[in-house]
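# Coordinate inspection notes
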Amino acid sequence: MSRLCGVLVFAVLLQGCFTPEAGDSCAEERLGAVACSYSGGEILRCDAAAESQAWVLQEDCGERSYCDHDTTTCIAATSGVPSGGGACCKRCGSGSKACGDSCIPSGNTCHKGPGCAC
């Protein structure tokens, strides 16, 4: 029973962090809304197709670029390459640096392996 409760709590927490993929429903979004895909390499647009609304590919960021979640634009990976080499999942501001999948103060030592933060 406790495992089921844990799974339900996790599912509720993830609802606010949903990142779409092409083909997913966007019925709760306004038509024309844009978002970065889960992989971070594409910009998706909410579009009406047939009888339902779904996320469709608007722009493929291509190699050595990623979709910035704050501005929903493709950014060249030369400025802030994720430490894991893939898409950037968290952008570190001034006074901080990437450490795995998160940011830490720039004066601290990172004890995690490569991740998606940049």
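Read on for a plain summary of the structure. (Residues numbered from 1 in each chain as written. Predicted model: local features only at pLDDT ≥ 70, side-chain atom pairs only at ≥ 80, totals over all residues. Heavy atoms only, no water.)

Here we come to the state of the cysteines. Here the structure, examined in full by the defined rule, presents five disulfides. Note on cysteine connectivity: Cys36 is disulfide-linked to Cys67, with sulfurs 1.9 Å apart. Judged by the torsion about the S-S bond (-70 degrees), the Cys36/Cys67 disulfide is left-handed. Separated by 31 residues along the polypeptide, Cys36 in strand 1 (residues 34–36) and Cys67 in strand 4 (residues 65–68) bring together distant segments of the chain. In this structure, Cys36 and Cys67 share a single accessibility class: buried. (Disulfide = S-S within 2.5 Å. Helix = DSSP H or I, 4+ residues; strand = E, 2+ residues; numbered from the N terminus. Buried < 20%, exposed > 50% of the residue type's maximum accessible area, 1.4 Å probe, protein only.)

What follows deals with the environment of Cys116. Mapped onto the fold, Cys116 is located in the segment after strand 7 (102–105). Spatially, the C-alpha atom of Cys116 lies 9.1 Å from that of Arg91, the residues being 25 residues apart in sequence.

A few words on unusual backbone geometry. Within the chain, Thr72 stands out as a residue other than glycine whose phi angle is a positive 50 degrees. The class for Thr72 is buried, based on a relative accessible area of 19%.

Read across the open sheet, the three strands follow the order 1-2-3; overall the sheet is antiparallel. Unpaired on one side and paired on the other, strand 1 and strand 3 (52–60) mark the two borders of the sheet. Strand after strand, the sheet turns through a mean of 35 degrees between neighbouring axes, direction not considered. Inspection of the sheet shows strand 1 paired to strand 2 (residues 42–49) by three bridges, in the antiparallel sense. Among the inter-strand pairings, Cys36 is bridged to a residue of strand 2, identified as Ile43. (Pairing = 2+ DSSP bridges. Axes fitted to C-alpha atoms, helices over the stretch in contact; angles between N-to-C directions.)

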